[in-house]
Amino acid sequence: MGWIRDRMEELEVPVQSFVELAQQLRKARSWPRNERIKETSLATYLGKFDGGEALEWLEQRPGARQALAEVLETTREEVDAQLTQLQPSRAQSGSRIRLRDVPTRSIDLRREPLPPGIPAQVRDPSTWPLWWQAPIGSGRTLVGQWLEARGLAVFIQAQTWAEAEALFPERGAVFLKLASAEGAPLRAPWPFDLKVCVATEVAPPRAPEPEAERVNRSVRDLVDAQLSGLSQPWTVVHSPEVHSWLRELVEWVAERVTVDGFDAEACQRWLQETPGVLAMVDNPGTALGLIGLFATFARRGDPSGPLAKARSSADMVRLFLRMRIQLAEGAELPQELLWKELQTLGRRLLLNSEVPWFEARPLDAWHALSHSRPDQTDLEWVQELERQGLKVDRTSMEKLRNRLPLDAFRMVRTLRELELLRERQPQQYAFQPPWVLEGVLTQCILETLEQGPHAWGEILLRQEHAATVFEALIERCRRNDFELVRGVLAKPDPRSPAWVAAIEACFRVLGLLVLEGRAVPDELRLGALRLQRALVVPDASGLPRPRIAYEVAPMRESPLVDRRIWYGALLALSESLPPGSNLSLDSWCTKPSSEARRWLVYMASYRSTHDRRMPEQWLMPLLLLGGRLLEGMGPPTVPSTVVPLLFQPERLLRQLQQQTFQLNELNQSVSWHALGAMLPEYARRRGVDWEECVRKIWTAWFASGAAELPQFLRPEEGHAAIFWQFLPTQAIEVLATKRFRFLLGEKEVSQYFRPEHWEAFVRVWAQQMEPWSFEPFRALWQRIPPDQVRQAIQAGRPDGHDPAIRKELWQRMPEVFVEEIDALFRQGQWEKGLSQVWSAPPACIPRLLASTKVALEPRGVPPPPQLAQWLHQLIAQRSPEWKTAWTLLEYLMPPAPI
């Protein structure tokens, strides 16, 4: 695949497409004039010829071969030779390929590496047997072609294991692209001289449960059991994470791209920084499609190109369709008609399909979703043929017409031709890449919003796309566009589930706007409260619940469908109402009480282990709201009642403002994992000095004499910075004791030290006699500043008991050591200076010896014996400067007269 295309590019005036080549062929002098093939059909054939397919058509038309040689400016013999090479073996015919979406030169699989994003084990048969669980777009076919082109493995594509097994060679390596895991063995196939890598979307088969093992087993099961000791278990691999290969993939494409003006860095920024684009990338195939989109519709220095003008996912989809149609060179449906038909399909998926949009389904199901006009016009061409003598079974034709109308057939066939609808499992087809259909659905949802609350309420009821509706609704309201809300309030229909879903969505959105500090018209706020209260469903305790809940994970994860948002909206919308008023918080409870109100606050923040963390833009306003509500709630009636999350920050601040408090009470009064990092900002908004609060906590710990830190103060906690960045300097005396010393290194609390902390540390270090080298303190010594190292050296640290620390610091800052040792030698403090020289790097020895010589000349304070020992060691090691050491030793200790 690729010879004709390569030759088209090598021409003096390159031929840009197979359609253009077909036009030139039909005008060539040697083209057979009785050949009436259309240009589009000829272009399709040329693409097949280039891949070694349908060559019999060309073999039967020597005039066409001669015309091809004429247009490609080569000889007939060369054309025949090239076409002969395309025929005999798959290994040869598949050695050159072109990427579907990216305009690159042809890629020689025998010489070029695979694109990034493929697991290393898959490319290396020595690591097989292997089970590569990879969806469409992961590069399964490309890997198989690459391995076969290089002679590393036989490439087999099969629907089932039984079909593939019949094609296995006796020995060697097999890369198997498998459509279904049905019938696959539990373990890799035996014998050992056959290595297999299975590439499929599903996981390998699992062993039956113990109960199933008691059922009579088939002969095949017994054979498998006997061979299980000889065969190897499947090793399952998955494709690497997108972030690990996306940049390398763009660079790989940039080396091969053929379009002018492709800017790899700009493409990187577009993929990584354009809202929503990176989320589309799920595998290398999708990434290549997006890179191809950028290469096709973005040019260096052109900010007004089609891609730059794309403002929505629908715009991206339309550009992608345009690109695929251009590459197909003769798609049956034009772009605008295809887009229109896709919108019809999207609306049917939203409102009629019981299967999630991303699931694969048979072609009949896609035909049914694509059918948009069941009328007689679909059969006009058949009726015309009937009048011309074609025998037609009209009864059977009428029965089949509604099952497979012509418009649906053309639509699905076009999607398959454009490789937008691909077979995921045998006879089961799904959209690829998924973001194309998702973009169509998003556009359909936005259009449905204009059709009234019953229309978009139906989408909410289906849950799968509820988050998209919520997000569109809140964005409009943030722009002060409340028309959708007014449309819901204008025509109440409480017996319609769709209308109820719509009003409850408006209730949530208006509550969030209030939390965000945005203005909401009073008539909308009170109207939503009144209608929502009429719809609540009390639980067993008489507490209100929304009538419509969301239990199915939506297409796009969003906290807007979370039940916490509904309770938060209730608190926000009702806060300004006076107690005892018609819509006040008590009126929502069957049995009003302070405990009932407390539970409403609790429900607005309760988070199970499966729930996502609420965005801070809403959680912080809710916490402030909880702080304002705390005053009117009163003490809990039951001592063991859990303190609602929304009350905890305010309660903590009140505890810290007391004269005395217990650390164990603080440890248990706050959900530190959920709220810890937000407490400084909460305190700031409440007008409280958080640093002062923290210093009170540290003081309380020092005074307690506790043997351990409370859990909420421990440095490994995620919120540790809110305490440790305000660490008092007197804490160093405690942390440097042997009991707590491990915190300084293992937990890396030194990252919070300021200069005054390091000075305090050096003072404590200099006073302590026990060594520090037995503790894993590397982080401490890597962070200590040079000024404090100078202070430590002057104080005689690190000494001979801490050689590892001394070596670490020498490597970090040799200049500091050389300068400080020189100063100590000059001052006559030989012992302190000599305690540091033993770990000096070889490059520093000449300067240390020079300092020694200068310090010895005055003959003031005599040097200690350690100087002779050091010089003696340098000589014994034959250091590069050993002769200088010899001279100094001779000066220091002249030989006795002989």
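Residues numbered from 1 in each chain as written. Predicted model: local features only at pLDDT ≥ 70, side-chain atom pairs only at ≥ 80, totals over all residues. Heavy atoms only, no water.

**Remarks on the packing of aromatic side chains**
Each pair of aromatic rings is reported with the distance of its centres and the angle of its planes. How we decide: Ring geometry is summarised as follows: Phe, Tyr and Trp rings, the Trp one being its six-membered ring, pair when their centres sit within 6.5 Å, and such pairs are stacked at plane angles under 30 degrees, edge-to-face over 60 and tilted between the two. The rule is simple: take the accessible area with a 1.4 Å probe, protein chains only, and divide by the maximum for that residue type; under 20% is buried, over 50% is exposed, in between is partly exposed. Here a helix means four or more residues in a row that DSSP labels H or I, a strand means two or more in a row labelled E, and each is numbered from the N terminus.
Under the definition given, this model contains 32 aromatic pairs. With a centroid separation of 5.6 Å and 85° between ring planes, the pair formed by Trp-357 and Phe-358 is classed as edge-to-face. Judged by relative accessible area, which is 8%, Trp-357 ranks as buried. On the basis of relative accessible area, Phe-358 is assigned to the partly exposed category, the value being 39%. Aromatic pair Trp-672 and Phe-712: ring centres 4.8 Å apart, planes at 15°, arrangement stacked. Here the residue Trp-672 occupies a position in helix H34 (residues 672–675), and Phe-712 occupies one in the loop between helix H36 (690–704) and helix H37 (721–724), the gap between them amounting to 40 residues. Exposure class is identical for Trp-672 and Phe-712. Each is buried.

**Regarding helix H29 (residues 563–574)**
Condition: In a helix, the anticipated span is given by 1.5 Å times the number of residues less one. Any two residues whose heavy atoms approach within 4.5 Å are treated as being in contact. N or O atoms closer than or at 3.5 Å make up a polar contact, with two conditions inside protein: a donor-capable atom paired with an acceptor-capable one, and, for residues adjacent in sequence, both atoms drawn from side chains.
Under the 1.5 Å per step criterion, the end-to-end length of H29 is 17 Å for 12 residues, consistent within 8% with the ideal 16 Å. Counting buried residues along H29, 11 of its 12 residues qualify, which places the element largely inside the surrounding structure. Taken together, the buried positions of H29 are occupied by Arg-564, Ile-565, Trp-566, Tyr-567, Gly-568, Ala-569, Leu-570, Leu-571, Ala-572, Leu-573 and Ser-574. Buried-residue contacts for H29 involve helix H27 (497–515), helix H28 (522–533), helix H30 (594–603) and helix H31 (616–633). The distance from a side-chain oxygen at the start of H29 to the backbone nitrogen of Arg-564 is 2.8 Å, and the residue carrying that oxygen is Asp-562.

**Some words on the pattern of salt bridges**
Just so we agree on the cut-off: Within this document, salt bridges are pairs made up of a side-chain nitrogen of Lys or Arg and a carboxyl oxygen of Asp or Glu, the two lying within 4 Å of each other.
One pass over the structure, following the stated rule, counts 42 salt bridges. Residue Arg-26 is joined to Glu-39 by a salt bridge in which the shortest nitrogen-to-oxygen separation is 3.6 Å. Of the two residues, Arg-26 is situated in helix H2 (residues 18–27) and Glu-39 in helix H3 (residues 39–50); the sequence distance between them amounts to 13 residues. Of the charged contacts, one joins Glu-201 and Arg-424 as a salt bridge, the two residues approaching to 3.3 Å between their closest N and O atoms. Of this pair, Glu-201 sits in the loop between strand E6 (194–200) and helix H10 (210–213) while Arg-424 sits in strand E8 (residues 421–425), and the two are 223 residues apart along the sequence. The same class applies to Glu-201 and to Arg-424, which are both buried.

**Points about the environment of Ile-37**
For Ile-37, the location among the structural elements is in the loop between H2 and H3. Looking at Ile-37, the relative accessible area reads 11%, which means it is buried. Distance from Ile-37 to Ala-22, taken between C-alpha atoms, is 9.9 Å for residues 15 residues apart in sequence. Sequence-distant contacts of Ile-37, defined by excluding residues within four places in its chain, comprise Arg-26, Trp-31, Leu-42, Tyr-45 and Trp-57.

**Remarks on the environment of Phe-712**
Under the relative-accessibility criterion, Phe-712 is labelled buried at 1%. Spatially, the C-alpha atoms of Phe-712 and Asn-667 are 5.8 Å apart, while their sequence positions differ by 45 residues. When residues no more than four places from it in sequence are discounted, the contact partners of Phe-712 are Leu-663, Leu-666, Asn-667, Trp-672, Ile-697, His-719 and Phe-723.

**Digging into the packing of helix H18 (residues 335–351) against helix H23 (residues 434–448)**
Short version of the rule: Helix axes are fitted only over the stretch in contact, all axes being lines through C-alpha atoms; the angle between N-to-C directions runs from 0 to 180 degrees. Roughly parallel means an angle under 35 degrees; roughly antiparallel, over 145; roughly perpendicular, 65 to 115; everything else is oblique.
Put simply, H18 and H23 touch, their axes get as near as 9 Å, and they point 75° apart. The orientation of H18 with respect to H23, classified from their angle, is roughly perpendicular. For the pair H18 and H23, the contacting residues are Trp-339, Leu-342, Gln-343, Leu-345, Gly-346, Arg-347, Leu-349 and Leu-350 in the first and Leu-437, Val-440, Leu-441, Gln-443, Cys-444, Ile-445 and Glu-447 in the second.

**Re the packing of helix H45 (residues 830–837) against helix H47 (residues 865–876)**
Note the threshold: Take the far helix as your reference; a near helix turned counterclockwise from it by less than a right angle gives a left-handed crossing, and one turned clockwise gives a right-handed crossing. Polarity classes work like this: nonpolar for Ala, Val, Leu, Ile, Met, Phe, Trp, Tyr, Cys and Pro, charged for Asp, Glu, Lys and Arg, and polar for all others, with Gly in that last group.
Where H45 meets H47, the closest approach of the two axes is 9 Å, and the angle between their N-to-C directions is 25°. Relative to H47, the element H45 is oriented roughly parallel. Classified by chirality, the crossing of H47 by H45 is left-handed. Across the interface between the two elements, Trp-830, Leu-834 and Val-837 from H45 touch Gln-866, Leu-867 and Trp-870 from H47. Its residues assigned to classes, the contact of H45 with H47 shows 5 nonpolar, 1 polar and no charged.

**Some thoughts on the nonpolar core**
Counted only if it meets this: As used in this record, nonpolar core signifies buried Ala, Val, Leu, Ile, Met, Phe, Trp, Tyr and Cys residues forming a set joined through side-chain atoms within 4.5 Å.
In this structure, Phe-175, Trp-456, Trp-690, Phe-723 and Phe-761 are the most contacted members of the largest nonpolar core, which totals 242 residues. Of the residues forming this core, the biggest block, 13 residues, is contributed by H27. Apart from residues lying up to four places away in sequence, Trp-690 is in contact with Leu-652, Leu-653, Leu-656, Leu-679, Pro-680, Ala-683, Ile-722, Phe-723 and Phe-726.

**Some words on the sheet that holds strand E5 (residues 172–178)**
Note the cut-off: At least two bridges found by DSSP between two strands is the condition for calling them paired.
Read across the open sheet, the 5 strands follow the order E4-E5-E6-E3-E7; overall the sheet is parallel. Each having just a single partner strand, strand E4 (154–158) and strand E7 (236–238) make up the two edges of the open sheet. Across this sheet, the average inter-strand angle for adjacent strands is 20°, counted without regard to direction. Direction of pairing for E5 relative to E6: parallel, over a ladder of 6 bridges. When the bridges of E6 are listed, Gly-172 appears paired with Leu-194. Packed onto the sheet, helix H8 (residues 140–149) meets strand E3 (130–133), E4, E5 and E6 and runs at close to 160° relative to E5.

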